[in-house]
Structures are given as C-alpha cells and as structure tokens.
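Observations on the model geometry
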Amino acid sequence: MTYYNIPKITEDGIFDGNDGTILKKQIFNIAPTMSVIDTSAFASACFEDMMTRKSLFKLSAKSNEFVDKFADLKICNSVIELKLDAFSLLPELLPVGLLLASSKLGNQGGNFWVKDSDCLSWIDQQPARTVIYVAFGSFPAFNQTQFQELALGLELTNNLFFWVAHPSITFSP
C-alpha cells in the first residue's frame, strides 16, 4: 500500500521523488483509519548505498506505473479482513488469500530464503495455542537496539515464542 502511494507520499514531502531519499524522518499514515508507518521501515531506507536505494525506489515507482497501465487485474497475497482499510483505498486490488508455497517440506517454491525445518519437531511438542509466532518479512526494519529490545520483551512475557528473522534483519543504516 505504501509503495502504491509513492506519488502521494512524494507530494507530501516525505521523501524525494527522484531517488527515494527520506526527507522527513517521521511516522505517518496513508489514510486516517490505517496504521501508522515509520519512514525508517521503508525498504529503500535499509540500504546505505545511494545507488541501491535509488534503484529500489525507481523500480517500485515504475512497477506501479507499469501495472496501472497494462494490468487488467491486480491481485495480492492477503486477506481483505486483515487490512480492510487498505483495501478500501484500492478497490481495484483483489486479495486472493494467503498463498503458501506448498504443504510439502521439500518444495521451496515462493520462498526467498532456505527453509530450516529443524524447529518443526519442537513446535509439534508444544501444547496448542501456547507459542507466540513472530515473523519480520524479507526487509530489515529494526536497528540492533530495537531488535534486542524486542527479543527481551518476548523473553519477559514468559511465553514460548518462535520467530523468523533473516540475519540481515538487524542491519542498521
């Protein structure tokens, strides 16, 4: 939703429309009913190299233009009930449900990272509904301090937890 609204975010002066440089480090929202977004969580903000940042920004902007111009239908991997406010702003976007690569452990289709299935036997031994699951996605969104605070917070709950975090998640721009 954020990248689909690059023209609006650029017009609002949040980042530079030429290269994706963040002009205002802030928290904002696309619409009043939506969750707030921290500019430091933008994928382009996660790269120190300006050329990489600019390329990612341009790719996102051009992809949106291309889709608008040539696609008859836009689909996404989500469920309307999870993000009703976002989908109300993009009625032409069709959520097709959460798509899983496969129910077979050996099939890696749709995954970017190598799957580690060692944890499955541990999870299977836990009582139902007792494990907190935390997943961060493919792009880092935390600095080292924030990441450690989150880990400590999870530990202090005294609940079992399982989290999925690529080693680069704590990359600090």
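Residue positions are given per chain, counted from 1 along the sequence in the order it is written. Local features in this predicted model are restricted to residues whose pLDDT is 70 or higher, and side-chain atom pairs enter the listing and the counts only when it is 80 or higher, whereas totals over whole chains, interfaces and linings include all residues. Just so you know, side-chain values use all the structure's heavy atoms and leave hydrogens and water out.

Right, let's get into the environment of proline 7. Helix and strand assignments come from DSSP, with helices taken as H or I runs of at least 4 residues and strands as E runs of at least 2, each series counted from the N terminus. Relative to the helices and strands, proline 7 is located in helix 1 (residues 6-11). Exposure remark for proline 7: the relative accessible area of 59% places this residue in the exposed category. Placed 54 residues apart in sequence, proline 7 and alanine 61 show a C-alpha to C-alpha distance of 8.2 Å. Only protein chains enter the accessibility calculation, which uses a 1.4 Å probe; a residue whose area is less than 20% of its type maximum is buried, one above 50% is exposed, and one in between is partly exposed.

Here we take up the confidence of the model for the protein chain. The predictor attaches a confidence to each residue, and that confidence, scored 0 to 100, is pLDDT. Looking at the protein chain, pLDDT values average 76 and 79% of them are 70 or higher. Ranking the elements of the protein chain by mean pLDDT puts strand 3 (residues 74-76) last, at 80, and strand 1 (residues 27-28) first, at 86.

Take the nonpolar core next. If you look at the biggest cluster of nonpolar residues, it comprises 13 residues, and the most contacted ones within it are Ile9, Phe15, Phe28, Ile30 and Phe42. Broken down by secondary-structure element, the contributors of at least two residues to this core are helix 1 and helix 2 (50-70). We call two residues in contact when some of their heavy atoms are within 4.5 Å. Not counting residues within four places of it along the chain, the set of residues in contact with isoleucine 9 comprises Thr2, Ile14, Phe15, Phe28, Ile30 and Phe42. Throughout this description, the term nonpolar core refers to a set of buried Ala, Val, Leu, Ile, Met, Phe, Trp, Tyr and Cys residues connected via side-chain atoms within 4.5 Å.

The next thing to look at is the pattern of salt bridges. When a carboxyl oxygen of Asp or Glu lies within 4 Å of a side-chain nitrogen of Lys or Arg, that pair is called a salt bridge. Scanning all chains against the criterion turns up four salt bridges. Measuring nitrogen to oxygen at the nearest pair gives 2.9 Å for the salt bridge that ties aspartate 12 to lysine 8. One salt bridge in this structure joins glutamate 92 and lysine 74, with 3.6 Å as the shortest N-O distance. Separated by 18 residues along the polypeptide, glutamate 92 in the loop between helix 3 (84-89) and strand 4 (93-95) and lysine 74 in strand 3 bring together distant segments of the chain. Here the salt bridges share partners, and the residues they tie into one network are Asp68, Lys74 and Glu92.

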